[in-house]
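As a plain string of letters, each chain reads:
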Amino acid sequence: MEKIGLVIGVIGGFGLGLLLGSEFSGSYVTYFGAILAVISLISMGVLSNKKK
């Protein structure tokens with residue numbers, strides 16, 4: 001279960017990096033980064049609810 005959390009964190013970090021990267025601002029790469037970040041946040045919420 002810890003490895004899943006690590007993978008989610010890496011995907012979220014990668015998505016956040018793409019989202020905040022100024023080189024690709026306003027392109028599809030930025031949107032892809034935003035989608036990865038949102039998926040990561042939702043996954044963290046689902047995993048935290050399963051633990052309770």
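In what follows, the accompanying structure is described. (Residues numbered from 1 in each chain as written. Predicted model: local features only at pLDDT ≥ 70, side-chain atom pairs only at ≥ 80, totals over all residues. Heavy atoms only, no water.)

### What about the overall build of the protein chain?
Across its full length, the protein chain carries two helices and zero strands. With an accessible surface of roughly 4,100 Å², the protein chain has 72% of that area assigned to carbon and sulfur atoms. (Helix = DSSP H or I, 4+ residues; strand = E, 2+ residues; numbered from the N terminus. Areas by Shrake-Rupley, 256 points an atom, 1.4 Å probe, with all protein chains shown as cover.)

### Focus on the packing of aromatic side chains
Scanning the model with the defined rule gives one aromatic pair in all. Centroid distance Y28 to Y31: 6.3 Å. Interplanar angle 70°. Geometry classified as edge-to-face. With Y28 and Y31 both in helix α2 (residues 28–51) and three residues apart, the pair spans about one turn of that helix. Among the residues examined, Y28 registers a relative accessible area of 73% and is labelled exposed. (Phe/Tyr/Trp six-rings, centres within 6.5 Å; stacked < 30°, edge-to-face > 60°. Buried < 20%, exposed > 50% of the residue type's maximum accessible area, 1.4 Å probe, protein only.)

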